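Chain and residue survey
The residues making up each chain are set out below.
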Amino acid sequence: MRQARTVFGGRVIEKPYVTWTLLGLIAVGFVLQQLMPGIVSDLGMHGYWVYLGGDWYRLIASAFLHGGIFHLLFNGYALFLLGNALERWLGHGRFLALWLLGALSGSALSLLAAPGQLSIGASGAIFALFGAAFVTGRRLGLDMRMILVLLVVNLGITFLVPNISWTAHIGGLVAGFAVGAVFALLPRGRTDHCRRTLVHTSMTAAYAVLLAALLIGGPVLVWPALGF
């Protein structure tokens, strides 16, 4: 029996299990921070420690830590709202790929543009959800003005409030628009879900390879130009 598919090719799901799992993981991360304060310096995103020290796990581990209860609650609430919708539209696999690439893209831009800065939080992934929600919502013909307003407000906060990692936010947002556009707009025309899945998988893999290339080779070109 064929399983029902969403317009974007994902399987129709009953519960957004990936969203709930991610919420649980960031909650666990915050609890561990209270028990082991040194975990922030051990797992937080820091470009020099990643590239020069080989601490590549920081690229994703930092997304499960937060700078305080309000930081945690804001990102958790945004993940709950956006994740519930996006996971139902995209399916489990596509949604998880979006979240991971958003978090990694935020870390990648932080490594390139602010290598000496220690940062934590799921904001890169959250901004990826904002970008993807806007693109996929438009594809579905929904009124996305509220998402656009929230995105503009959060971008304003990013650059007006001190001690916020703009690199994580912008990197995640770029990933959200790019990956969201792949899921929402490709392949063009009517097609079966197998071909759609193949296109989506290959394009997200290509984006991941591009990220890897930037992380490995980017500092050699970018850091001297920025004076690092």
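Residues numbered from 1 in each chain as written. Predicted model: local features only at pLDDT ≥ 70, side-chain atom pairs only at ≥ 80, totals over all residues. Heavy atoms only, no water.

Some points on the packing of aromatic side chains
Within this structure, the stated rule accounts for seven aromatic pairs. For the pair Y17 and W20, a centre-to-centre distance of 5.7 Å together with 90° between the ring planes defines the contact as edge-to-face. One end of the pair is Y17 and the other is W20, both in helix 1 (residues 17–35) and three residues apart, which spans about a single turn. Three or more aromatic residues joined by ring pairs form one cluster here, namely Y48, Y51, W56 and W223. (Phe/Tyr/Trp six-rings, centres within 6.5 Å; stacked < 30°, edge-to-face > 60°. Helix = DSSP H or I, 4+ residues; strand = E, 2+ residues; numbered from the N terminus.)

Re the layout of surface pockets
The computed volume of the largest pocket comes to approximately 570 Å³. Looking at the largest pocket, it is lined by 31 residues, and the ones nearest its centre are H71, I120, S123, I164 and H169. Elements represented by at least two residues in the lining of the largest pocket include exactly helix 5 (69–90), helix 6 (92–113), helix 7 (123–139), helix 8 (145–160) and helix 9 (166–185). It is helix 7 that provides the largest number of residues to the lining of the largest pocket, a total of five residues. Looking at the lining of the largest pocket, its residues break down into 14 nonpolar, 17 polar and no charged. Approximately 250 Å³ is the volume found for the second largest pocket. Residue lining of the second largest pocket: 14 residues in total, with L81, L82, F130, I147 and L150 positioned closest to the centre. Counting residues per element, the ones that place at least two in the lining of the second largest pocket are helix 5, helix 7 and helix 8. In terms of residue count, the dominant contributor to the lining of the second largest pocket is helix 5 (eight residues). Looking at side-chain class alone, the lining of the second largest pocket contains 13 nonpolar, one polar and no charged residues. (1 Å grid on protein atoms, 1.4 Å probe; cavity = no way out; pocket = protein on both sides within 12 Å on 5 of 7 lines; lining within 4 Å. Points joined across faces, edges and corners; volume = space filled by probe spheres on them. Nonpolar A, V, L, I, M, F, W, Y, C, P; charged D, E, K, R; others polar.)

Quick notes on helix 8
Look at helix 8: 22 Å from first C-alpha to last across 16 residues, which is about the 22 Å you get at 1.5 Å a residue. The complete set of buried residues in helix 8 reads I147, L151, N154 and T158. Down the axis of helix 8, the buried side of the element spans an arc of 70°, and every buried residue falls inside it. Those residues of helix 8 that are exposed and aimed more than 90 degrees away from the buried face are R145, M146, V152, F159 and L160. On its buried side, helix 8 packs onto helix 5, helix 7 and helix 9. (Expected span 1.5 Å × (residues − 1). Buried < 20%, exposed > 50% of the residue type's maximum accessible area, 1.4 Å probe, protein only. Arc of directions from axis to C-beta. Contact = heavy atoms within 4.5 Å.)

Overview of the packing of helix 9 against helix 10 (residues 193–226)
Relative to each other, helix 9 and helix 10 sit at 160°, their axes nearing to 9 Å. Of the possible angle classes, the one that applies to helix 9 and helix 10 is roughly antiparallel. Along this stretch, helix 9 crosses helix 10, giving a crossing that reads as right-handed. For the pair formed by helix 9 and helix 10, the contact residues are V174, A175, A178, V179, V182 and F183 on the first element and H200, M203, T204 and Y207 on the second. (Axes fitted to C-alpha atoms, helices over the stretch in contact; angles between N-to-C directions. Parallel < 35°, antiparallel > 145°, perpendicular 65-115°, else oblique. Left-handed = near helix turned anticlockwise from the far one by under 90°.)

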